[in-house]
Amino acid sequence: MNTPRRNLLIGQGERLFQDGAWPTKPETKPDPYTIEQQRATLLPSLAELVRTATTRSRELAPRGEVAAKLTIHPEFLAKSYFPSTLLERTGLRLIGSRARDVTPRRMVRGRPIKERPTAVLLLAGTSTDFTRAYEYLASDKISKSLNSQYCRIERFEAFEPVDRKKGLDLAHFTGWAEIVLHASFTDGDVRDQFFTLSERLGAQFDRERARTVGGLTFLPLKIAPDSAAAYVRGVEDFTHLRMIRNMPVLSDDPVDDEVDLERAMEYAPAFPKSVAMDPDLRAVIFDGGFSPGLLPWVQSYNAPGVPSAMPNLGHGHAVTSAFLFGPLEPKATSLAVPYCNVDHVRVLPSTSKDTRVADVIDRVIASLQNARNAGAPYSLANLSLGPSMPVIDDDPHEWTVRLDDFLSLGDLFMTVAVGNDGAHGADLGRIQPPSDAVNAFAVGASEGSFHGAARAPYSCVGPGRSPGLVKPDVVAFGGVQGTPMRLVEPASLEVRQHYGTSYAAPFALRLAAGIKATVQQDIRPIMLHALLVSRAMFHSRRHNQVDVGWGVLPPAVDDILYSAPDEVVVMYQGVIAKGQPIRAPVPLPKGITPNGKVKIAATFAYRALVDPAHPVNYTRAGLEVRFQPDGISSDSYFSATKYDVEQTLRSDALKWETCRHREKSKDIEDLTNPCFIIRYQGREEGGPDGERIKDDAGNFLPAADQPSALPFALIVRVRAPGVVNLAQEVLAQYTVLNEVPIRTQIEGQSSV
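Here the structure is a predicted model, which means the values were calculated and not measured. Within each chain, residue numbers correspond to sequence positions counted from 1 in written order. Only residues with pLDDT of at least 70 get local features here, since the model is predicted, and only at 80 or more are side-chain atom pairs given and counted; chain-wide, interface and lining totals rely on the full set of residues. As a convention, hydrogens and water are excluded, and side-chain values are obtained from all of the structure's heavy atoms.

## Some remarks on the overall build of the chain
Here is step 1 of the chain: A count of helices and strands for the chain gives 16 helices and 29 strands.
Here is step 2 of the chain: Values of the radius of gyration come from C-alpha atoms, whereas the globule rule sets the reference at 2.2 Å times the count of residues to the power 0.38. Compactness check: the chain gives a C-alpha radius of gyration of 27 Å against a globular reference of 27 Å for 752 residues, within 12% of the reference.
Here is step 3 of the chain: By principal-axis analysis of the C-alpha atoms, the chain measures approximately 85 × 65 × 55 Å.
Here is step 4 of the chain: The classification of residues rests on relative accessible area computed with a 1.4 Å probe and restricted to protein chains. Under 20% of the type maximum is buried, over 50% is exposed, and intermediate values are partly exposed. For the chain, with 752 residues in total, the buried portion stands at 59%.
Here is step 5 of the chain: In what follows, residue pairs with any heavy atoms lying within 4.5 Å of each other are defined as contacts. Here the analysis covers contacts within the chain between residues at least 6 apart in sequence; of these, 83% occur between residues at least 24 apart. To qualify as a helix, a DSSP run of H or I must reach at least 4 residues; to qualify as a strand, a run of E must reach at least 2; elements of each kind are numbered from the N terminus.

See the structure below:
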């Protein structure tokens, strides 16, 4: 009896792309409040802000500005409702935003009043600016557009000291603090004024260490614990201070090496004698160091500025081994040939005696940037360390922001461990920075690599921030008590037992390296993200998304490249831009007769520029997606209804998320011309979309040449139960597609 062939991954799906047409949206909704109601509610608050701006010390108020919070009604979060006219007319400056749950005074169209998430805009303005805001609202001659924008405001109030001190615990303050200022590269006067104030109050810091990303500046500083309270009182009203909090330490593994693990002495099989499968593929691991010259596939480096002190190599050796060889099976007789070589860059210890975190991320970014500047950027990277603290929704950490900023270019696929405090509960056990980076691939740990494998108890849990809600992205085997991760110690060739997300993350990166090394076709970093998510195993009865994200990664590259006989997986790699929707046909052959409903799974992934001053609108661009089963009418797919309100899109459809995945079942009779319609969506609060550019003949330039160009990846998985020749039918009817070419043997069998 012949065994049905497994279907190989299909590429070139972008050859099916066509120009798309986006369905129109419903009419604008009525305002929730009247102008008379808003005058009674908002005028007293505006009058108080005028008084504050008039009397506040200039030492605390650069440019004479004070900060205020403008809370948007939760039903008016869409970019079309952004109060741009109000800001332009009054002179108030948008410097940031935060998320907040509010119970509005009234819902539109008589809907029941209930608590809803919304955005709080952080504004800076002088007494003159707030006076204009007061006078416009009080005027009987207010314009229609300004009238509507005032009527969509829930609150207008001062940005108080308590708003700036989330994460500050003076009872456990050890002398180091993190400062975040609303200050961009052009706000040198704001930074200098804060530096001068802090120096007067006795803080110690290096002005050159301040790091600016977007509209935020991050600064670590040292304060004597007995002087901390006085320092905080001295700066808490500084207009452009967004946050002050305790400086975290670096995270640790749940078990150091083999503490509490009993084992007999065991040696691993000999190292392979071959060169890496793809010697040209560039990968890097940032960790505690690797012994120089120990393995031929590893080059060991010290990051710029790292101390010359003797490093602790145990963690770095184990992380690198997980990437090169993966976990060793109990009866293994050989080690796998590494998919590629790897640079191990030592970024530890911190120069601080307390092993703080600020200088470590400097070394990571500097190493990545140096490689990019030299024309030899890394394609793969792993980071199994970070600040030991749960993520904070309102304030992304410096590590997160700087990684997201670097990764937004899209030339690097980076796995990041989510942390090992998952046993501490939903709050303290939440994922740790920088695994909440929307452009990184956050990896938790599971008890195994099988369908239904549970999250390892120590692995930190989601959700991430929104956007970036689904974190971890996936979980991979990281070992648990009783089933540890058996890794080769390169120095002694012993088999050591470990568990931790530190090892799950490089194991996941190993799968990505295997895909890149095996497939002889361009697989971009964002496609690696989509592929791993699409092949992750999610058990609807055993799994919770906060535990495992999109699911459990399989153990082998073949599990990603091959699928069942009645299933095909197609890759689309494209670029989209403002005003240029794309139609992506689903390759469903005509004439097939499946045994039951057809399952269509779609995974979208993209890299986004970020706006760290606006966590609620952190990604500057997004993708709106509609599914059309017949090529004409839109059907629900990522959202619950055809035209959801903005709030539902944010929570259910993940509209602004950099990764989305869902599977739906449809009757074959309804799938007459299935396709996805994809549209670029820009933020008003973030960077501008940019106008569409035309050539000399007046024609719009291709999406890749537009200012708003956004590369993205799409994986479509089609399963037609019982149709065992599905791949042959797809390739016969969609002749522009092809199975990806596979490296059939390891190239370069010479001895290393």
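## Considering helix H8 (residues 314-324)
Here is step 1 of the chain: Burial runs high along H8: nine of the 11 residues are buried.
Here is step 2 of the chain: Burial in H8 covers these residues: Gly-316, His-317, Ala-318, Val-319, Thr-320, Ser-321, Ala-322, Phe-323 and Leu-324.

## Quick look at the side chain of Arg-209
Here is step 1 of the chain: Of note, Arg-209 is situated in the loop between helix H6 (188-200) and strand S9 (211-213).
Here is step 2 of the chain: Given a relative accessible area of 10%, Arg-209 falls into the buried group.
Here is step 3 of the chain: Each polar contact in these results corresponds to two N or O atoms within 3.5 Å; when the atoms are within protein, one needs to be able to donate a hydrogen and the other to accept it, and residues that are neighboring in sequence are counted only if both atoms are side-chain atoms. A polar atom in the side chain of Arg-209 sits 3.0 Å from the side chain of Glu-398.
Here is step 4 of the chain: With residues up to four places along the chain from it excluded, the contact list for Arg-209 reads Phe-218, Pro-220, Ala-358, Asp-359, Ile-361, Asp-362, Glu-398 and Arg-402.

## What about the packing of H8 against helix H11 (residues 501-518)?
Here is step 1 of the chain: Comment: axis = line fitted to C-alpha atoms, over the contacting stretch for helices; angle = value between 0 and 180 degrees taken between N-to-C directions. Taken N-terminus to C-terminus, the directions of H8 and H11 make an angle of 30 degrees; their axes are 7 Å apart at the nearest point. One element, H8, and the other, H11, form an angle in the roughly parallel class. As for how H8 packs across H11, the hand of that crossing is right-handed. Here His-315, Ala-318, Val-319, Ala-322, Phe-323 and Leu-324 of H8 come into contact with H11, specifically with Ser-502, Tyr-503, Pro-506, Phe-507, Leu-509, Arg-510 and Ala-513.
Here is step 2 of the chain: Partitioned by chemical class, the residues of the contact of H8 with H11 number 10 nonpolar, two polar and one charged. Comment on the angle field: the value is read as roughly parallel under 35 degrees, roughly antiparallel over 145, roughly perpendicular from 65 to 115, and oblique elsewhere. Take the far helix as the reference: if the near one is turned anticlockwise from it by less than a right angle, the crossing is left-handed, and if turned clockwise, right-handed. Note on residue classes: Ala, Val, Leu, Ile, Met, Phe, Trp, Tyr, Cys and Pro are nonpolar, Asp, Glu, Lys and Arg are charged, and everything else, Gly too, is polar.

## Some points on the packing of aromatic side chains
Here is step 1 of the chain: Any Phe, Tyr or Trp ring, taking Trp's six-membered ring, that has another such ring centre within 6.5 Å forms a pair; planes under 30 degrees apart are called stacked, those over 60 apart edge-to-face, and the others tilted. One pass over the structure, following the stated rule, counts 12 aromatic pairs.
Here is step 2 of the chain: Ring centres of Phe-604 and Phe-676 lie 5.8 Å apart, and the angle between their planes is 80 degrees; this geometry places the pair in the edge-to-face category. On the criterion of sequence distance, the pair formed by Phe-604 in strand S24 (residues 598-606) and Phe-676 in strand S27 (residues 675-682) is long-range, its members being 72 residues apart.
Here is step 3 of the chain: Classification of Phe-676 by relative accessible area gives buried; the value is 0%.
Here is step 4 of the chain: Every member of this aromatic cluster is reached through a ring pair, and the members are Phe-17, Tyr-572 and Phe-712.
Here is step 5 of the chain: Here, a charge over a ring means that NZ of Lys or CZ of Arg falls within 6 Å of the ring centre while also lying within 35 degrees of the ring normal. Lying across the ring of Phe-76, Lys-29 places its NZ or CZ 5.3 Å from the centre.
Here is step 6 of the chain: A cation over a ring is seen here: Arg-372 above Phe-406, with NZ or CZ 3.7 Å from the ring centre.

## Quick notes on the confidence of the model for the chain
When pLDDT is low, close inspection of the predicted coordinates is not appropriate.
Here is step 1 of the chain: Considering every residue of the chain, the mean pLDDT works out to 90; 92% of them sit at 70 or more.
Here is step 2 of the chain: Within the model, the stretch residues 255-262 combines pLDDT values under 50 with nine contacts to residues more than four positions away or in other chains.
Here is step 3 of the chain: The predictor attaches a confidence to each residue, called pLDDT, with possible values from 0 through 100. Throughout residues 745-752 the model reports pLDDT below 50, and contacts reaching past four residues in sequence, or to other chains, amount to 18 contacts.

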